[in-house]
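Structure assessment
In case you want the letters, here they are:
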Amino acid sequence: MKPMPALPDALAPLIDALAAQGVRPVFVGGYVRDALLEVPSKDIDIECFGAGSLEALIPLLTPFGSVNSVGKSFGVLKLSLGDYDLDLSLPRVETKTGPGHTGFAVTTFETFDFKTAAKRRDFTVNAIGYDPVKKELLDPYGGERDLETQTLRCVNESTFVEDPLRLLRAVQFSARFRLIPDPHLIRLAHTMMAQGMLAELPKERIFEEFKKLLLKSDTPSVGLRTMHLLHITPFFPELAALVATDLWDIVLRALDTMAVIRRRVNSDPLAMMFAPLCIGMQDPNAFLTSLTDDKRLVLNVLDYVKYHGQPERLYAEAAPDAEVMRLARDVRIDTIAAVAEACYRGRHPAAETSDAVVWLLHKAERLGVLNAPRSALLNGEALIAAGLSPSPRFKTILDAAYDAQLEGAFSDEEGAKAWLKDYLSDLG
């Protein structure tokens, strides 16, 4: 493990100012973990030992920018400094007062040492501190060693089991940092799941952890295997049913492939990541709506599930240009091609790409429909100009016109008007 990098220049004046007033600032949590892993981060949590109170901190911070007190009730002040977003807090304990992730009372203690303050954290890899004044790593629970051995351990059993969200954090951390839960953590998770603790969480919180799993890891399959290992998958019936099928390994390979290739498409990354996971589910809509009320996201994922087999079908049939343009009307070609490629490589692990996807991408690019459909040359205004009054028939006429356009019946507005005249004449 390499040493911590030098203190960012933008933060040095703030650190010096706090130290000059007898405050000991300590970097904590994700920033320290990521720095040890050489992962750049602009979000920094700083625990301020000896500050007395948050109110006493505010005048020390204001010379460096506007202090946001929105998290004050949770014991946190926010400050933007250069490119960095800082969360400053006092050493504290969180006492369980109710169910779920938010059922805690926060109490700050000026006299805490770092080991006592870090005891409230979930995993040892998140309980590492760094003193930027002394340039000293603070690691009372062996988090650096666990990073080196790729082990995920909880800091304190009694506090870990109080927060069911930590079950899902274990899942996404295992995927993002390739960490393997130790036997003790596995037993704790089994107990928490047997007690139904995950049901205490609102689906919005669960969804946020799924987002981190799918968007922040190059190997989300690791997290899903951890989810199964910790007995979490039965909480999601559609996912649990998928685990029991021969598709499970295929889906996991497709998911890891999508985590890489989605970056080449300027589209909806979260929907693209959910798509391989939902393909093969009996009821993907039920799974998605159990996680989120984002209707746009759900509809996009369901479209990707619906059309993911079209690239191979069109390729096998040597489909004409019009068929490709019809597909572009229903779904973005570059996006569905990525979904199709991920699924193909899930079924064929040794394959580098799919001939069908290459064919479709080249054809769509030549036709100018790679990321948007052909614009319709006839619209409602043209129908009104032709003497028609708005009615439900407009959709039928416009759909027929668009199909005719894709088939090459006309290629400009004049040709579209002539086609419309003939079409209306045939209708009488």
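Structural notes, computed from the coordinates. Only a predicted model underlies this, so the values are computations on that prediction, with no experimental measurement involved.

1. Re the overall build of the protein
Helices and strands together make up the secondary structure of the protein, namely 22 helices and 11 strands. Over its C-alpha atoms the protein spans a radius of gyration of 28 Å, topping by over 25% the 22 Å that the globule rule assigns to 428 residues. By residue count, 47% of the 428 residues in the protein fall in the buried class. Within the protein, residue pairs in contact and separated by at least 24 positions form 67% of the contacts whose partners lie at least 6 positions apart. Split by element, the accessible area of the protein, about 20,100 Å² in all, is 51% carbon and sulfur. Of the charged side chains in the protein, 47 are positive and 58 negative; the average position of the first set lies 2 Å away from that of the second.

2. Description of unusual backbone geometry
Here Lys135, not a glycine, exhibits a phi torsion of approximately 55°, which is positive. Looking at where Lys135 falls in the secondary structure, it is placed in the loop between strand 8 (129-131) and strand 9 (136-138). Phi angles above zero are rare outside glycine, and Gln150 is one such case at about 55°. Within the element layout of this structure, Gln150 appears in the loop between helix 5 (143-149) and strand 10 (151-152).

3. Brief notes about the packing of aromatic side chains
Within the structure shown, the criterion is met by 16 aromatic pairs. One aromatic cluster in this structure is built from Phe207, Phe210, Phe235, Phe236, Phe274 and Phe287. In this structure, Lys42 is placed above the aromatic ring of Tyr84, and the distance from its NZ or CZ to the ring centre is 4.7 Å.

Thresholds applied
- Residues numbered from 1 in each chain as written.
- Predicted model: local features only at pLDDT ≥ 70, side-chain atom pairs only at ≥ 80, totals over all residues.
- Heavy atoms only, no water.
- Helix = DSSP H or I, 4+ residues; strand = E, 2+ residues; numbered from the N terminus.
- Rg over C-alpha atoms; globule rule 2.2 N^0.38 Å.
- Buried < 20%, exposed > 50% of the residue type's maximum accessible area, 1.4 Å probe, protein only.
- Contact = heavy atoms within 4.5 Å.
- Areas by Shrake-Rupley, 256 points an atom, 1.4 Å probe, with all protein chains shown as cover.
- Lys, Arg positive; Asp, Glu negative; His and termini not counted.
- Charge placed at Lys NZ, Arg CZ, Asp CG, Glu CD.
- Phe/Tyr/Trp six-rings, centres within 6.5 Å; stacked < 30°, edge-to-face > 60°.
- Lys NZ or Arg CZ within 6 Å of the ring centre and 35° of its normal.

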